[in-house]
Amino acid sequence: MTLHIKNGIVVDPKNGIAGEKMDIFIKDGKIVEESEVGKECKTIDVSGKLVVAGGVDLHAHIAGGKINTGRAMRPEEMRFVRRKSNGLRAAVGRTLLTSPAIGYEYAKMGYTTAIEPATPSIYVIHTHEELDSIPIIDKATLPLFGNWHPVFKYAADKDVEKMKSFVAWVLERTKGYGVKLVNPGGVEAWMYGGNVSGLDDTIPGFGVTPREVITTLIAAVEELKLPHSVHLHCNNLGVPGNYETTMETIKLAKKFRNDNRQVLHVTHVQFNAYTGSSWRDMGSGAEEIAKLVNSMNNVTIDMGQPIFGHATTMTADSPFQFELHKLVKAKWCNKDVELETGAGIVPLVYRPKSPVNAVQWATGLELGLLVDADKIAVSTDYPNGGPFTAYPYIVTLLMSRKFREEEMKKAHQYIEKATALPSIDKERSIEEVIQMTRVTPARVLGMENKGHLGVGADGDVVVYDIDPLNYDSSDYQAILKALENPLYTIKGGEIVVKNGDVVGEVWGRTFWVDASEQTTTEIIEADLDEYFNYYTVKRCNYGVEEGWLHNPVRITAG
């Protein structure tokens, strides 16, 4: 389809456009110049409405073993009907959405790309099958490396060349997009009944530390010139006082440099931003973390904002999930993944009158307000902090001081003592929230054709019923209504949402990174043969072929 989006008010921070009346043209799925479209062009007049690029979610658990285990644990989730078929597919789920619901609900908010951030490589066939069943949005998946035996071995040997080779081999076998670490070394220790407590603990059986695992993988990723940096879930997640570990971890990036992007992305930082020595004196360390992140040019973070209400926590941080299970006395499932990683799932309710939950809610918002907009992305760590469908709510909280005041009245007043949120008057502008939901996550992921509306960008465009040059931040209900119900969501030049309802369905793409030209697997062949001698799957059966994916896009590293 050739499309002409006429008379909109464009906000496109990457290209320096801050509320300019413009026309946008799309042809063959890409933004093009007016001269490239002919007379046979569909025109939609969006006079006075906000026009932006499609949203990008860089961290949401949308496919794979954990979310399916969660669905099995919580059949009550499926009582929440989001959409009857009506010519498309039925969509259900409260916090654990079915695959069709995930695609539809992202599109209904104006999001067109989402990344599954934690895939055990041995389960990647399942992950890709599920990603392929999510309609509309573009996807990618990050395989897990932080508790894998070959990674420990190469880090202990300080062998960056072998680490590079192993990373490239895994990305090719899994059709993965980048390198994810979760509680490096912690899950291996958990298999012996323990955990690691900091960057310099020794990982059982390997004589290596989380610090060495992280820095060796950063070195390998940078030398391979992958589009995305190391994507890190820090040690000590969800523990009072853990902000010190987080800051120490962020400082590891000072040893590395990349002129095009960050060298380390620290994810769902809210869960790693607590002061105090116990849950009785827990507070927010967001201000200190924000100062550190703002002072560095090679680190980015995302919020991990909790939403009051139901959530389902699921992470490859098995020891944390066991502790959470004991703390909240909820049902729990643990999964140990052979020699690679592990995972746990625990249902949870964030209660506004709980002092701890209120501090968590306030801490996420502090990060969203205090960290520079080009260094932080909006996320809930779906479904850990709650459903991604709350993004319009989060963005409205960031834009409206009055809305925050109203919501703070519902929360436990301990936040006045334990956080700085009540004293923060800042209101994010539309340009800043578009930066945090489009430009920054696209740049963090190294996706050059996403997050903006320049010529050559993907034809993913959203029109909201709000005038960016004339809106009142105190009228938060109008802002929230507009963000929850786009007038149009356009995916690759096709109108998929109109007036807040899904009207069409397209198949998104799955991006993966081929780094084979940057290294050779010859130097790890003997190691792989030895590894598979002790594995329950033969090497020839490990991984997925590109032809098995519905709509793959290979990106060559370098």
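For clarity, every value in this text was computed on a predicted model and none was experimentally measured.

**Some remarks on the overall build of the protein chain**
Line of reasoning, step 1. The secondary structure content of the protein chain amounts to 17 helices and 26 strands.
Line of reasoning, step 2. On C-alpha atoms alone, the protein chain measures out to a radius of gyration of 22 Å, which is about the 24 Å that the 2.2 N^0.38 rule sets for 558 residues.
Line of reasoning, step 3. Taking the principal axes of the C-alpha coordinates as reference, the protein chain spans close to 65 × 55 × 45 Å.
Line of reasoning, step 4. The 558 residues of the protein chain split such that 64% are buried.
Line of reasoning, step 5. Considering only residue pairs separated by 6 or more positions, the protein chain has 77% of its internal contacts joining residues 24 or more positions apart.
Line of reasoning, step 6. For the protein chain, the exposed surface amounts to about 19,900 Å²; the carbon and sulfur share of it is 48%.
Line of reasoning, step 7. Taking the average location of the 60 positive side-chain charges in the protein chain and that of its 72 negative ones, the two points are 4 Å from each other.

**Examining the nonpolar core**
Line of reasoning, step 1. In this structure, Tyr106, Phe166, Leu217 and Leu226 are the most contacted members of the largest nonpolar core, which totals 140 residues.
Line of reasoning, step 2. Ranked by residues supplied to this core, first place goes to helix H7 (residues 210-224) with eight residues.
Line of reasoning, step 3. Formed jointly, this core draws a minimum of three residues from each of two domains, domain 1 (2-53 + 457-502) and domain 2 (55-445).
Line of reasoning, step 4. Dropping the residues within four chain positions of it, Phe166 is found in contact with Phe145, Trp148, Pro150, Val151, Tyr154, Ile524 and Leu528.
Line of reasoning, step 5. The next biggest cluster of nonpolar side chains, apart from the first, holds 19 residues, and it includes Val51, Ala53, Leu453 and Ile495.

**Remarks on the sheet that holds strand S13 (residues 264-266)**
Line of reasoning, step 1. An order of S11-S12-S13-S16-S20 is seen for the five strands of this open sheet, with the pairing classed as parallel. Pairing within the sheet leaves two strands with one partner each, and these edge strands are strand S11 (180-182) and strand S20 (376-377).
Line of reasoning, step 2. Both S13 and strand S16 (residues 299-302) contribute to a ladder of three bridges, which runs parallel. Within S16, the position partnered with Leu264 by the bridge is Val299.

**Considering the pairing of strand S1 (residues 3-12)**
Line of reasoning, step 1. Burial analysis of S1 places nine of its 10 residues in the buried class, which makes it a mostly covered element.
Line of reasoning, step 2. Of the strand pairs in this sheet, S1 and strand S2 (residues 17-27) are connected by eight bridges, and their pairing is antiparallel. Looking across to S2, one finds that Ile5 is bridged to Ile24.
Line of reasoning, step 3. If you look at the hairpin formed by S1 and S2, you'll find four residues sitting between the two strands, and Gly16 has a positive phi there, around 70 degrees.

**Some details on unusual backbone geometry**
Line of reasoning, step 1. Omega for the peptide link from Tyr382 to Pro383 comes to -5 degrees, which places this bond in the cis form.
Line of reasoning, step 2. Checked against the element boundaries, Pro383 lands in the loop between S20 and helix H12 (391-399).
Line of reasoning, step 3. Even without being a glycine, Lys175 presents a positive backbone phi close to 55 degrees.
Line of reasoning, step 4. With respect to the helices, strands and loops of the structure, Lys175 is situated in the loop between helix H5 (160-174) and S11.

**Brief notes about the domain arrangement of the protein chain**
Line of reasoning, step 1. Parsing the protein chain into structural domains produces domain 1 (2-53 + 457-502) and domain 2 (55-445).
Line of reasoning, step 2. Spacing between the C-alpha centres of domain 1 and domain 2 amounts to 29 Å.
Line of reasoning, step 3. Of the residues lining the interface, 30 residues belong to domain 1; the matching set on domain 2 comes to 30 residues.
Line of reasoning, step 4. Per-residue buried area on domain 1 facing domain 2 is highest for Tyr476, Lys491 and Val502; these three make up 25% of the total on that side.
Line of reasoning, step 5. Among the ionic pairs, Lys491 bridges to Asp138, the shortest N-O distance being 3.1 Å.
Line of reasoning, step 6. Our count for the contact surface shared by domain 1 and domain 2 stands at nine residue pairs in polar contact (both at pLDDT 80 or more).
Line of reasoning, step 7. Elements represented by at least two residues in the side of domain 1 that touches domain 2 include exactly strand S5 (50-53), strand S21 (461-464), helix H16 (476-484), strand S22 (488-491), strand S23 (494-498) and strand S24 (501-502).
Line of reasoning, step 8. Residue contributions to the side of domain 1 that touches domain 2 peak at five residues, all from H16.
Line of reasoning, step 9. Each residue belonging to the side of domain 1 that touches domain 2 can be placed in one class, and the counts come to 20 nonpolar, four polar and six charged.

**Here we look at helix H2 (residues 99-109)**
Line of reasoning, step 1. Here H2 lies mainly inside the structure; 10 of its 11 residues are buried.
Line of reasoning, step 2. Phi for Gly110, located one or two positions after H2, is positive at around 95 degrees.

**Points about the sheet that holds strand S18 (residues 333-337)**
Line of reasoning, step 1. Taken in spatial order, the three strands make up an open sheet running S17-S19-S18, and their pairing is antiparallel. Because the sheet does not close on itself, it has two edges, and the strands there are strand S17 (309-315) and S18. Within the sheet, the average angular offset between the axes of one strand and its neighbour, ignoring direction, is 15 degrees.
Line of reasoning, step 2. Its contacts with the sheet place helix H10 (residues 318-328) against S17, S18 and strand S19 (341-350), and it is angled at close to 30 degrees to S19.

**Considering helix H15 (residues 430-445)**
Line of reasoning, step 1. Between its terminal C-alpha atoms H15 stretches 22 Å, which fits the 22 Å expected from 16 residues at 1.5 Å a residue.
Line of reasoning, step 2. Largest kink in H15: about 45 degrees, centred on Met436.
Line of reasoning, step 3. Gly446 sits one or two residues past H15 and shows a positive phi near 75 degrees.

**Re a nonpolar patch on the surface**
Line of reasoning, step 1. Together, Trp279, Leu327 and Val328 make up an exposed nonpolar region whose accessible area comes to about 240 Å².
Line of reasoning, step 2. Note that Trp279 resides in the loop between strand S14 (274-275) and strand S15 (283-284).
Line of reasoning, step 3. The class of Trp279 is partly exposed, set by a relative accessible area of 31%.

**Examining the pattern of salt bridges**
Line of reasoning, step 1. All chains considered together, the criterion is met by 41 salt bridges.
Line of reasoning, step 2. Lys49 is paired through a salt bridge with Asp465; the nearest N and O atoms lie 2.7 Å apart. Residue Lys49 is located in the loop between strand S4 (42-45) and S5, and its partner Asp465 is located in the loop between S21 and H16; the two are separated by 416 residues in the primary sequence.
Line of reasoning, step 3. Overall, the relative accessible area of 25% leaves Lys49 in the partly exposed class.
Line of reasoning, step 4. Looking at Asp465, the relative accessible area reads 41%, which means it is partly exposed.
Line of reasoning, step 5. If you follow the salt bridges from partner to partner, you end up with Lys30, Asp138, Lys450, Asp458, Asp460, Lys491 and Arg509 in one network.

What counts and what doesn't
Residues numbered from 1 in each chain as written. Predicted model: local features only at pLDDT ≥ 70, side-chain atom pairs only at ≥ 80, totals over all residues. Heavy atoms only, no water. Helix = DSSP H or I, 4+ residues; strand = E, 2+ residues; numbered from the N terminus. Rg over C-alpha atoms; globule rule 2.2 N^0.38 Å. Buried < 20%, exposed > 50% of the residue type's maximum accessible area, 1.4 Å probe, protein only. Contact = heavy atoms within 4.5 Å. Areas by Shrake-Rupley, 256 points an atom, 1.4 Å probe, with all protein chains shown as cover. Lys, Arg positive; Asp, Glu negative; His and termini not counted. Charge placed at Lys NZ, Arg CZ, Asp CG, Glu CD. Core = buried A, V, L, I, M, F, W, Y, C linked by side-chain atoms within 4.5 Å. Domains from an automatic or database assignment. Pairing = 2+ DSSP bridges. Buried area = accessible area lost by both parts, 1.4 Å probe. Salt bridge = Lys/Arg side-chain N within 4 Å of Asp/Glu carboxyl O. Polar contact = N/O pair within 3.5 Å; in protein donor to acceptor, adjacent residues only side chain to side chain. Nonpolar A, V, L, I, M, F, W, Y, C, P; charged D, E, K, R; others polar. Axes fitted to C-alpha atoms, helices over the stretch in contact; angles between N-to-C directions. Expected span 1.5 Å × (residues − 1). Bend = angle between axes of the 7 residues up to and from the residue. Patch = residues over 30% accessible without salt bridge, like charges linked within 9 Å, V, L, I, M, F, W, Y side chains within 5 Å.

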